[in-house]
Amino acid sequence: MDFRLLRYFIATVEEGSLQGAARRMNIAQPALSRRIRDLELTLGCTLLIRGSRGVTTTPAGKCFHDEAVALVKALDRAIHNTRRIELEQDRPVRLGLVMNARKYAFVHDAIEAFQVGPGHLDLAYMRAPSVDLVEALRDDRLDITLAYERRIRSPKLAERLIHKERYIVAVHPAHPLAVHTPIRLTELADQPLIWLARHSAHDEQDVLMQQCRLHGLEPIIRQLSATHEEQLDLASVSTGLCLTPASTILSTSPGQFVFRPLTDFVMELDLTLGWLREAANPSVSALMATLHTAIDQHQAAIVLGTESWTTLCGHEVVRVSDEG
């Protein structure tokens, strides 16, 4: 079956009319109508109920729409991954980056130092959730990766803890709790929160939710967000607040939020570097050396207190473990 038929059908259902779908897909309406009828003939069933006000799906059409969306997404993902591999094949080092890795200055410093070194080597990047990055590292689809949480458990992999950052409260400046003082978790008992949902199959348990409950707080969820960026956007536009790792301070504009440390909630987020133990590629070894040097400097700055974001209202919110 021509995948264009699936895209035409999906557009028709989403637009609610053949006319709207034709405009969206840049095709003449009579031609689109014929394509949809061809699709129905191929499947041997009616997918759409046509009326003066547009189209609606039959039960069979609703089922086919859901399956078609999944198929098209899978095809698009396959095309994207194939093109990415083609682009990466001549690049000697594959590096995994956690979401919003740009906020950490040491990452930029290490990559810049590596790329201006001998040979001016180019990198192939993979930006994804940590669980996907670690899985790619285990499957030899990455050479090195950053990851949140200590998920790297394999004889062929090594890891280094970069730092631990505590969860803090990000409050919109117009919110009543927007005060530059520490806060106790119990003060959030009646406060609706913008909550970051975990959708990965690897994360069946919401660890942050569990820890809040263990500390006596049953969070009131005002809105669920799919990404960290969406969480901050929703907290900003709704004059709300959210629980977030301390490094959020680095990724927001001055004055966008008031950040308050939690005095009675010690849950931490680990930032880890992972790599293949036996790296035959000398370019991988060179990047590893550059990353370790940058991490050494990053950790020294945390210990010396020269990183301003690592303390908040006199409370330590980022630390280097003895393992680091």
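See the structure printed just above.
Quick caveat, the model's predicted, so the values are computed rather than measured. Here, residues in each chain are numbered from 1, in the same order as that chain's written sequence. Local features in this predicted model are restricted to residues of pLDDT 70 or higher, and side-chain atom pairs are both shown and tallied only at a pLDDT of 80 or more, whereas totals for entire chains, interfaces and linings draw on every residue. Note: side-chain values were computed over all heavy atoms of the structure, leaving out hydrogens and water.

A. Here's a closer look at the packing of helix α2 (residues 18-25) against helix α3 (residues 29-43). Simply put, an axis is a line fit to the C-alpha atoms, just over the touching stretch for a helix, and the angle between two N-to-C directions goes from 0 to 180 degrees. Each helix is a run of H or I in the DSSP string that is no shorter than four residues. Each strand is a run of E no shorter than two, and both are numbered from the N terminus. One way to put it is that α2 packs onto α3 with a least axis distance of 9 Å and a crossing angle of 105 degrees. Judged by the angle between their axes, α2 and α3 are roughly perpendicular. Across the interface between the two elements, L18, Q19, A21 and A22 from α2 touch Q29, L32, S33 and I36 from α3. Put simply, Ala, Val, Leu, Ile, Met, Phe, Trp, Tyr, Cys and Pro go in the nonpolar bin, Asp, Glu, Lys and Arg in the charged bin, and everything else, Gly too, in the polar bin. Split into classes, the residues belonging to the contact of α2 with α3 amount to five nonpolar, three polar and no charged. Roughly parallel here means an angle under 35 degrees, roughly antiparallel means over 145, roughly perpendicular means 65 to 115, and every remaining angle is called oblique. Contacts: residue pairs with any heavy atoms within 4.5 Å of one another.

B. How the structure looks around the packing of aromatic side chains. Aromatic rings from Phe, Tyr and Trp, taking only the six-membered ring of Trp, are treated as a pair when their centres fall within 6.5 Å; an angle between ring planes under 30 degrees marks them as stacked, one over 60 as edge-to-face, and anything in between as tilted. All told, the structure shown has four aromatic pairs when counted by the stated rule. Feature note: the residues Y104, F106 and W309 constitute an aromatic cluster, connected by ring pairs.

C. Representation of the nonpolar core within the structure. Side-chain atoms within 4.5 Å are what join buried Ala, Val, Leu, Ile, Met, Phe, Trp, Tyr and Cys residues into a set we call a nonpolar core. The classification of residues rests on relative accessible area computed with a 1.4 Å probe and restricted to protein chains. Under 20% of the type maximum is buried, over 50% is exposed, and intermediate values are partly exposed. Ranked by internal contacts, the top residues of the largest apolar core, which has 70 residues, are I144, L188 and L273. The element that contributes the greatest number of residues to this core is strand β6 (residues 157-171), accounting for eight residues. By size, the runner-up hydrophobic cluster in this structure holds 20 residues, among which are L5, I10, A21 and A31.

D. The packing of helix α5 (residues 105-115) against helix α9 (residues 282-304), seen in detail. It is at 9 Å that the axes of α5 and α9 come closest, and there the two elements cross at 140 degrees. You can see that α5 and α9 cross each other, and the crossing is right-handed. Along its contact with α5, which presents F106, A110, A113 and F114, the element α9 presents S283, A286, L287, T290, L291, A294, I295 and H298. Among the residues forming the contact of α5 with α9, the class breakdown is nine nonpolar, three polar and no charged. In this scheme, a crossing is called left-handed if the near helix is turned counterclockwise away from the far one by less than a right angle; it is called right-handed if the turn is clockwise.

E. Fine view of the pattern of salt bridges. The term salt bridge refers to a side-chain nitrogen of Lys or Arg lying within 4 Å of a carboxyl oxygen of Asp or Glu. Summed over all chains, the structure comprises 15 salt bridges. When the shortest N-O distance is used, the salt bridge between K156 and D140 registers 3.5 Å. Note that K156 is positioned in the loop between β5 (144-148) and β6 and D140 in the loop between α6 (130-138) and β5, a separation of 16 residues in sequence. Overall, the relative accessible area of 39% leaves D140 in the partly exposed class. The structure contains a network of salt bridges with shared partners spanning E14, E15 and R24.

F. Spatial organisation of helix α1 (residues 3-15). Expected span of a helix, by definition, is 1.5 Å for each gap between consecutive residues, and there is one gap fewer than residues. Taking 1.5 Å of rise per residue, the 13 residues of α1 would be expected to cover 18 Å, and the 18 Å separating its terminal C-alpha atoms lies within 8% of that figure. Those residues of α1 that fall on the buried side of the exposure criterion are L5, L6, Y8, F9, I10, A11 and T12. The first or second residue beyond α1 is G16, which carries a positive phi of 80 degrees.

G. Region of interest: the pairing of strand β1 (residues 48-51). Examined bridge by bridge, β1 and strand β2 (residues 54-57) share four bridges and lie antiparallel to one another. Paired with R50 across the strands is V55, a residue of β2. DSSP calls a pair of strands paired once it identifies at least 2 bridges connecting them. Counted along the chain from β1 to the antiparallel partner β2, the turn is two residues long.

H. Spotlight on the side chain of E40. Mapped onto the secondary structure, E40 falls in helix α3. The exposure class of E40 is buried, given its relative accessible area of 9%. Apart from the residues within four sequence positions on either side, E40 is in contact with C45, T46, L47, L48 and R50.

I. Up close: the environment of R4. On the secondary structure map, R4 appears in helix α1. The spatial distance from the C-alpha of R4 to the C-alpha of L271 is 43 Å, given a sequence separation of 267 residues. Any pair of nitrogen or oxygen atoms within 3.5 Å is treated as a polar contact; in protein, a donor-acceptor pairing is required on top of that, and neighbouring residues in sequence qualify only through side-chain atoms on both sides. Looking at R4, its side chain comes within polar contact range of the side chain of D2, at 2.8 Å.

J. Structural detail: α3. Spanning 15 residues, α3 covers 21 Å between terminal C-alpha atoms, matching the ideal 21 Å at 1.5 Å per step. Every buried residue belonging to α3 is among A31, L32, S33, I36, L39 and E40, and all of these are buried. Positive backbone phi, at 75 degrees, marks G44, one or two positions downstream of α3.

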